[in-house]
Amino acid sequence: MKPVAAKPNLRNQQRVDVATEVRIEKTDGNWLDCKVSNISRTGIMILCDQEAVRKLVPGQKTPAPGNWISVTATFSVPVVAHQPVSVIAGGNIVHMRRIARDQFQLGVQFTEFEGNGFEYVNNYVSKLLSAPTP
């Protein structure tokens, strides 16, 4: 029998499905509003159309490792019921996938948070992961 090397776990954080708005701002100051499809402690997956991808991803090609696209993501998470707080997180677009004719997923990996942003995201993800599934 031939030994098989273990594959690294590229998704080391559990993700939870969410449906919320996110503003993605590029380093040149231009911004777009998109939707978040899932979130983890280390990043978000956003959904956007081809026009948004044209503006965010030069050449519409998945960024190569080390040549990530720097962005700032601004979105809200509820800390307590009916009291959302705004999270501002710096990050990099590290993944792109076309999922339909005019729909794409962009993976944003967080690199830094303003203020208590990480705590808000961490608590929100923990709460969603511990919630009973329907």
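Residues numbered from 1 in each chain as written. Predicted model: local features only at pLDDT ≥ 70, side-chain atom pairs only at ≥ 80, totals over all residues. Heavy atoms only, no water.

### Notes on the packing of aromatic side chains
Overall, the coordinates contain three aromatic pairs when judged by the stated rule. Site record: aromatic cluster; members linked through ring pairs are F75, F110, F113 and F118. Sitting over the face of the ring of W31, R23 holds its NZ or CZ atom 3.4 Å from the ring centroid. (Phe/Tyr/Trp six-rings, centres within 6.5 Å; stacked < 30°, edge-to-face > 60°. Lys NZ or Arg CZ within 6 Å of the ring centre and 35° of its normal.)

### Points about unusual backbone geometry
The phi torsion at Q60 lies on the positive side, around 50°, for a residue other than glycine. Structurally, Q60 is set in the loop between α1 (50-56) and β4 (69-80). (Helix = DSSP H or I, 4+ residues; strand = E, 2+ residues; numbered from the N terminus.)

### A few points about the confidence of the model for the chain
Summary statistics for the chain give a mean pLDDT of 86 and a share of 89% for residues scoring 70 or more. Taken together, the stretch residues 1-10 has pLDDT below 50 and engages in zero contacts with residues farther than four places along the chain or on a different chain. (pLDDT = per-residue confidence, 0-100. Contact = heavy atoms within 4.5 Å.)

### As for the environment of L56
Relative to the assigned elements, L56 resides in helix α1. It is 8.8 Å that separates the C-alpha atoms of L56 and I93, two residues lying 37 residues apart in sequence. Other than its neighbours up to four places away in sequence, L56 contacts I24, K26, L32, I69, I93 and L106.

### Considerations on the pattern of salt bridges
Applying the stated rule across the entire model yields four salt bridges. One salt bridge in this structure joins E21 and K35, with 2.5 Å as the shortest N-O distance. Here the residue E21 occupies a position in strand β1 (residues 16-26), and K35 occupies one in strand β2 (residues 31-39), the gap between them amounting to 14 residues. Judged by relative accessible area, E21 falls into the partly exposed class, the value being 44%. The exposure class assigned to K35 is partly exposed, which follows from its relative accessible area of 45%. Note that R54 and E51 form a salt bridge whose closest N and O atoms lie 3.2 Å from each other. Note that R54 and E51 are positioned in helix α1 at a spacing of three residues, about one turn of the helix. Residue class for R54 comes out partly exposed when judged on its relative accessible area of 47%. (Salt bridge = Lys/Arg side-chain N within 4 Å of Asp/Glu carboxyl O. Buried < 20%, exposed > 50% of the residue type's maximum accessible area, 1.4 Å probe, protein only.)

### A few points about the nonpolar core
As a rule of thumb, nonpolar side chains are buried together in soluble globular proteins. Judged by nonpolar contacts, the single largest core of 32 residues is most densely connected at V22, I39, I44, I46, F75 and L106. Taken together, the elements giving at least two residues each to this core come down to β1, β2, β3 (43-48), α1, β4, β5 (83-100), β6 (103-113) and α2 (117-130). If we ignore the near neighbours within four places in the chain, the residues touching I44 are V22, V36, N38, I39, A73, L106, G107, V108 and F110. (Core = buried A, V, L, I, M, F, W, Y, C linked by side-chain atoms within 4.5 Å.)

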